[in-house]
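# Structural description and commentary
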Amino acid sequence: MYVCICAAATEDQVQLCITAGAHTAKQVAMGCGAGKGRGCGLCRDRIKSMIEKHYSECEVEQISA
Ligand code: FES
């Protein structure tokens, strides 16, 4: 499923960028192009949500460990 139609970036590609260490939408854009540059910007909230979800789950895992 595409997260960013403008860059043809899929959810898996965005998730891979986040898992590799992207903490911001800008870093995701640098990694896979999603939300980058002159695109429409409609995907940016979705990307931010994916980043927040990933890092909130990481915090839960660290607390549980
Ligand atoms: S859908 Fe991502 S910039 Fe347009």
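Residues numbered from 1 in each chain as written. Predicted model: local features only at pLDDT ≥ 70, side-chain atom pairs only at ≥ 80, totals over all residues. Heavy atoms only, no water.

## A short note on the nonpolar core
Counting residues in hydrophobic clusters, the biggest one holds 15 residues, and the most contacted among them are Val3, Val14, Ile18, Val28, Ala34, Ile47 and Ile51. Contributing elements (two or more residues each) for this core: strand S1 (2-4), helix H1 (11-19), helix H2 (25-32) and helix H3 (44-64). Of all the elements, H3 adds the most residues to this core, at four residues. With near-sequence residues (within four places) excluded, Ile47 lies in contact with Val3, Val14, Ala25, Val28, Ala34 and Gly35. (Core = buried A, V, L, I, M, F, W, Y, C linked by side-chain atoms within 4.5 Å. Buried < 20%, exposed > 50% of the residue type's maximum accessible area, 1.4 Å probe, protein only. Helix = DSSP H or I, 4+ residues; strand = E, 2+ residues; numbered from the N terminus. Contact = heavy atoms within 4.5 Å.)

## Details of the UniProt feature "domain: BFD-like [2Fe-2S]-binding" (unreviewed entry) in the protein
In the UniProt entry, the feature "domain: BFD-like [2Fe-2S]-binding" (unreviewed entry) is given for residues 2-52. Here residues 2-52 runs as 51% helix and 10% strand, with 19 Å between its end C-alpha atoms. (UniProt positions renumbered as here; feature names shortened; annotations may be inferred.)

## Let's talk about H2
Three- or four-residue spacings in an α-helix give side chains the same orientation, since the helix completes a turn every 3.6 residues. Among the residues of H2, those classed as buried are Ala25, Val28 and Ala29. Taken around the axis of H2, the buried residues stretch over an arc of 100°, which confines them to a single face. Among the exposed residues of H2, those oriented more than 90 degrees off its buried face are Lys26, Met30 and Gly31. On its buried face, H2 is in contact with H1 and H3. Among the residues trailing H2, Gly33 stands out with phi positive, at a value near 90°. (Arc of directions from axis to C-beta.)

## Topic: the packing of H1 against H3
Between two packed helices, what matters for the description is the angle formed by their axes and the separation of those axes. Put simply, H1 and H3 touch, their axes get as near as 10 Å, and they point 45° apart. In terms of their interaxial angle, H1 and H3 are classed as oblique. For the element pair H1 and H3, the recorded crossing hand is right-handed. The residues of H3 that touch H1, namely those facing Glu11, Val14, Gln15, Ile18 and Thr19, are Arg46, Ile47, Met50, Ile51, His54 and Tyr55. When the residues that make up the contact of H1 with H3 are grouped by side-chain class, the tally is six nonpolar, three polar and two charged. (Axes fitted to C-alpha atoms, helices over the stretch in contact; angles between N-to-C directions. Parallel < 35°, antiparallel > 145°, perpendicular 65-115°, else oblique. Left-handed = near helix turned anticlockwise from the far one by under 90°. Nonpolar A, V, L, I, M, F, W, Y, C, P; charged D, E, K, R; others polar.)

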